[in-house]
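Breakdown of the fold
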Amino acid sequence: MSSDSRHILHLDMDAFFAAVEQRDRPELRGKPVLVGGDPNERGVVATASYEARPYGCRSAMPMAQAIRLCPHAVVLRGRMDRYAEVSRQMFAIMERFTPLVEPLSIDEAFLDVTGSTRLFGPQQQIARELKARIRAETELTASVGVAPNKFLAKLASDLQKPDGLVIVPQDGVLTFLDPLPIARLWGAGQAAARRFERLGVRNFADLRRLAPETLQREFGDAGEHFYRLVRGIDDRPVVPDRDAKSISHEHTFATDIADRAFLRAFLLHQTEHVAQRLRRHDRHARTVTVKIRTPDFATVTRRTTLERPTDVTDELWQAAASLFETWTRQSDAPLRLLGVGVAQLSEPGTEQLSLFAQEQLDKRRRLDQTADQIRDRFGKDALSRGGGPARS
Amino acid sequence: MKTRLPRHEFQEALTAVATLTGGRTTKPILGCVKLVIDGDRLDLSATDGEAGLRLGVPTLSVDEPGQTVVQADRLLNIIREMADVEIALEANDSHCMIRGAGSEFKIYVQRPEDFPPVPGFEGEADLVVDGDQIRRMIAWTIYAAARETSRFAINGVLWEKHGEQLFLIATDGRRLARAGGRVRGGGTSDFQAILPGKALNVFEKVFNPPRDADGWQVDVKLMPNQALLRSGDRVLSTVLVEGHFPKYDDVIPKDNDKCARVDRLEFNSAIRRAALLTTEESRAVKLSFSRDQLVITSQSPEQGEATIQVPIAYDGEPMAIGFNPAFVNDALRAISFEEIHIELKEPTRPGIICGEDKGEFLYVVMPVSLSS
């Protein structure tokens, strides 16, 4: 099926948590700001403002380390409820342009504007208008990539941060991709990077020259994935959560990670995020899946069916944690990818209340509500970019 | 071993045994029944590894005492198909012969030494209860037990003795059934023990009122990990369910102030009808109470809706509450009162179904939230 005619936007807010703080507190403007966890408790940086970045501060870095790099930075614990509020505002703006908005995190989304061009003009114009509306209504900047598919759009949005707008035209896909360093390839972690180096692959053009058989031999199933990506092929549709048959979060680590405690904590964050997206769209899930990929590219998925559909983080987490622990009992391999997903989504409808645990369950629900916002000290930035998650 | 047996009684005993031996098992010996003659009676014993059963059959004559172990289903099928009034049984180390008029069966046997021990009832009973009463109490509670034991769900029925009172309680975490009755005798100390649902199912099938007695009783003996139940010459032994029974008293509502009275069979039938239009995902019927009228409604997004009216006696404030129809009907089917009481407080608080006397029967059921 041809995907030639699609127009996909990837929107990513710039240094979101820090930018919200600088907006709300003018005295912070122009100063390095670090939002994140407690440095004394091995917290990590969720967001470093652009002023802090020249010092080497990055998201996912241990907060203690970031403070050493930039001792005069203003360190904030973050106000997740505030960020969630701004996030809702920003999603509402996006939904004015198209109903096809797929949230990736609190401050990042894909939009399919293919059907909106008649109403709002060409995709470039939609992107400019979207950025302008967000700036006008939230006083924040976003970077946007415009491309024929998700993969390219996401690459594009990252190229001119902050306040960037990068457009990849249909006939300029290869020109756009070829010079990009291979590290930007989606799904390529450090193990893949070593193989690329051995094969003399430095950029997308180099990789495109490799025969499909070579890719298959070197990377297994991921080889096919790479083969398509370096040609700019990505047919994944933009699926709003309300239409989704499943909701998932997965992350490829920059380095293979064996630390079970860290992975478990990471999985919890992912689960919290998936649960939040479930709740945002008023869905309950019946199955929970954990996806694991080891450095040899072997991918394992483990699935469990819950007694009844739920949107409570704790219940989803218990299922995910138990799947993960079952796997770790069988293997001590390091991981290059970890993900969690939920499926068999349904409208909440009726719910059988529990005789003994209802109070606890209600409490957990309230907890989820008050901070659906409380995303962890890892913000979305920590999960998706930088040198992978921090380990301290 | 050589004996003559009344076929009908032998068949009855084997049918009782089959409640334990019929299950799937990886150990062939657990599908067997042990037959022992030591005196003028034949003793049968069987076990599934968790519960055990011993019972006796009178013999017509004993030519030679002894014991043997045979595959229980096979023996039952043979005995069931024989038309004879009496049959002859003869066993040696390798096989067992069953003879009637014109038929002869030879079946191979297992070594009696390999058969797991099945305890008998020894010593004094800790509890003596009326047979009909305990059967009723089990029937009134067992359906509320969970299929598997987890934190608030127990695959078993709690037996709780308080002085002269015995309570049986079962819960799967969403509803709870409690039956109460008088103790007839036994020891003086109070106790709590959780008997597995499976063993109580066997009890229901095997411990029937004897034909020749008006009143019959069941003796109960408790050991650290085991319970024994005896009536006549039948002894059921079972392991106990480990784990803590949830603190059930806390979840029994004490202040449900909206009370309705309704004919049990009429209510049962109305719930059944409304349940026809519920779906697998949303098993809920809505009960709307208003002055002397109950309207039960259900809807299934793809199929349609049902509205059923039931006359009731009710003078409380109008109120609507959702229930899983199966949870309501499980109780209505088990009990036998003509009229039942429904006591409610709020749509999200547990409801009560009971008869005149809550000590005799009490059912607490958690509603289904009708949020959307």
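Here is what the cut-offs are and how they apply
- Residues numbered from 1 in each chain as written.
- Chains lettered and ligands numbered in written order.
- Predicted model: local features only at pLDDT ≥ 70, side-chain atom pairs only at ≥ 80, totals over all residues.
- Heavy atoms only, no water.
- Helix = DSSP H or I, 4+ residues; strand = E, 2+ residues; numbered from the N terminus.
- Buried < 20%, exposed > 50% of the residue type's maximum accessible area, 1.4 Å probe, protein only.
- Contact = heavy atoms within 4.5 Å.
- Areas by Shrake-Rupley, 256 points an atom, 1.4 Å probe, with all protein chains shown as cover.
- Pairing = 2+ DSSP bridges.
- Axes fitted to C-alpha atoms, helices over the stretch in contact; angles between N-to-C directions.
- Buried area = accessible area lost by both parts, 1.4 Å probe.
- Salt bridge = Lys/Arg side-chain N within 4 Å of Asp/Glu carboxyl O.
- Phe/Tyr/Trp six-rings, centres within 6.5 Å; stacked < 30°, edge-to-face > 60°.
- Lys NZ or Arg CZ within 6 Å of the ring centre and 35° of its normal.
- Parallel < 35°, antiparallel > 145°, perpendicular 65-115°, else oblique.
- Left-handed = near helix turned anticlockwise from the far one by under 90°.
- Nonpolar A, V, L, I, M, F, W, Y, C, P; charged D, E, K, R; others polar.
- Polar contact = N/O pair within 3.5 Å; in protein donor to acceptor, adjacent residues only side chain to side chain.
- Arc of directions from axis to C-beta.
- Lys, Arg positive; Asp, Glu negative; His and termini not counted.

Here the focus is the overall build of chain A. The helix and strand tally for chain A stands at 15 helices and 13 strands. Of all 392 residues assigned to chain A, the portion counted as buried reaches 55%. Considering only residue pairs separated by 6 or more positions, chain A has 69% of its internal contacts joining residues 24 or more positions apart. In the structure as shown, chain A presents an accessible area of about 17100 Å², 49% of it carried by carbon and sulfur atoms.

What follows concerns the overall build of chain B. Helix and strand counts for chain B come out as six helices and 27 strands. With 372 residues in all, chain B has 53% of them scored as buried. Within chain B, contacts between residues at least 6 apart in sequence are counted, and of these 67% link residues at least 24 apart. Here chain B displays about 17700 Å² of accessible surface, and carbon together with sulfur accounts for 45% of that area.

Once that is clear, we can look at the sheet that holds strand β18 (residues 258-263) of chain B. Residues and elements named next belong to chain B. Taken in spatial order, the nine strands make up an open sheet running β14-β11-β12-β13-β26-β25-β24-β18-β22, and their pairing is antiparallel. At either end of the open sheet lies a strand with only one pairing partner, and these are β14 (191-196) and β22 (313-314). Where strand β11 (residues 156-162) lies against β14, six bridges are found, and the strand directions are antiparallel. Paired with Gly156 across the strands is Pro196, a residue of β14. Helix-sheet contacts for helix α3 (residues 131-141) involve β11, β12 (165-171), β13 (175-182) and β26 (361-365), and the interaxial angle to β13 is about 170°.

For the rest of this paragraph, the subject is the interface of chain B and chain A. Between chain B and chain A, the residue contacts involve 27 residues of the former and twelve residues of the latter. Sorting the residues of chain B by area buried against chain A places B:Phe152, B:Met366 and B:Ser369 first, and these three jointly supply 31% of that buried surface. Along the contact surface separating chain B from chain A lie zero salt bridges. Of all the secondary structure elements, the ones that give two or more residues to the side of chain B that touches chain A are β13 and β27 (368-369) of chain B. Summarising the sheet, strand β13 (residues 351-352) of chain A and β27(B) pair through two bridges and their orientation is antiparallel.

For the rest of this paragraph, the subject is the pairing of strand β21 (residues 304-311) of chain B. Residue and element names in this part refer to chain B. Examined bridge by bridge, strand β20 (residues 293-300) and β21 share eight bridges and lie antiparallel to one another. The residue of β21 that forms the bridge with Ser298 is Ala306. Counted along the chain from β20 to the antiparallel partner β21, the turn is three residues long.

All names here are of chain B. Taken in spatial order, the eight strands line up as β6-β2-β3-β4-β17-β16-β15-β10 in an open sheet, and their pairing is antiparallel. Both edges of this open sheet fall to β6 (66-71) and β10 (127-130), since each of them pairs with a single strand only. Averaged over all neighbouring strand pairs, the angle between strand axes comes to 20°, with direction disregarded. Each of β2 (32-37), β3 (41-47), β4 (51-58) and β17 (234-239) touches helix α1 (residues 7-21); the most contacted strand, β4, lies at about 175° to it. Docked against the sheet, helix α2 (residues 72-81) engages β2 and β6, running at close to 95° with respect to β6.

Turning to unusual backbone geometry, a few remarks are in order. Peptide bonds are, in most cases, trans, and in most cases residues other than glycine have a negative phi. Cis geometry is found at the peptide bond from A:Lys161 to A:Pro162, where omega equals -10°. Its location among the elements puts A:Pro162 in the loop between α6 (150-157) and β8 (165-167). Notably, A:Glu139 is not glycine yet its phi reads approximately 60°, a positive angle. Positionally, A:Glu139 belongs in the loop between α5 (123-138) and β7 (142-147). Note on A:Glu139: relative accessible area 58%, which makes it exposed. Even without being a glycine, B:Asp292 presents a positive backbone phi close to 55°.

Turning next to the packing of aromatic side chains. Describing an aromatic ring pair means giving the distance of the ring centres and the angle of the ring planes. Taken as a whole, this structure holds 17 aromatic pairs over all chains when the rule is applied. Summarising the aromatic geometry, the rings of A:Phe219 and A:Phe226 are spaced 5.2 Å apart at their centres and angled 75° between planes, so their arrangement reads as edge-to-face. This pair shows no difference in class: A:Phe219 is buried, exactly as A:Phe226 is. Seen from their ring centres, B:Phe203 and B:Phe207 are 4.5 Å apart, and the 20° between their planes marks the pair as stacked. In this structure B:Phe203 comes out as buried when scored by relative accessible area, which is 0%. Site record: aromatic cluster; members linked through ring pairs are B:Trp140, B:Tyr143, B:Phe337, B:Phe361 and B:Tyr363. Sitting above the plane of the A:Tyr50 ring, A:Arg53 keeps its charged end 4.3 Å from the centroid. The side chain of B:Arg230 reaches across the aromatic face of B:Phe121, ending 3.9 Å from its centre.

Now for the packing of α1(B) against α2(B). Residues and elements named next belong to chain B. As a packed pair, α1 and α2 sit with axes 9 Å apart at the nearest point and diverge in direction by 150°. Relative to α2, the element α1 is oriented roughly antiparallel. Read as a crossing pair, α1 and α2 show a hand that is left-handed. Touching Arg7, Phe10, Gln11, Leu14, Thr15, Val17, Ala18 and Thr21 of α1 are Ala72, Asp73, Leu75, Leu76, Ile79 and Arg80, all from α2. Its residues assigned to classes, the contact of α1 with α2 shows eight nonpolar, three polar and three charged.

A few words now on the side chain of A:Glu315. Residues and elements named next belong to chain A. Looking at the secondary structure, you find Glu315 in helix α13 (residues 313-330). Owing to a relative accessible area of 16%, Glu315 belongs among the buried residues under this scheme. At 2.6 Å, the side chain of Glu315 forms a polar contact with the side chain of Thr310.

This part covers the pairing of strand β15 (residues 217-223) of chain B. Residue and element names in this part refer to chain B. Counting buried residues in β15 gives five out of seven residues, a clear majority hidden from the surface. Two strands pair when backbone bridges link them, and β10 and β15 are joined in this way by four bridges, in the antiparallel orientation. Across the sheet, Asp130 pairs through a bridge with Gln217, a residue of β15. Where β15 and strand β16 (residues 226-231) come together, five bridges link them in antiparallel fashion. Following the sheet pairing, Met223 is matched in β16 by Gln226.

Bringing helix α10 (residues 212-219) of chain A into the picture now. Residues and elements named next belong to chain A. The complete set of buried residues in α10 reads Thr214, Leu215, Glu218 and Phe219. The arc enclosing the buried residues of α10, seen along the axis, measures out at 100°, which places them on a common side. In α10, the exposed positions that point more than 90 degrees away from the buried face belong to Glu213 and Arg217. Phi turns positive one or two residues past the end of α10, at Gly220, with a value near 60°.

Residues and elements named next belong to chain B. Note on placement: Glu160 falls in strand β11. Although Glu160 lies buried, it forms no salt bridge, and the closest oppositely charged side chain, Arg178, sits 7.1 Å away as judged by the N-O distance. One polar contact links Glu160 to Tyr248, side chain to side chain, over a distance of 2.4 Å. Residues contacting Glu160, with those up to four places away along its chain left out, are Gln165, Leu166, Phe167, Ile169, Phe191, Gln192 and Tyr248.

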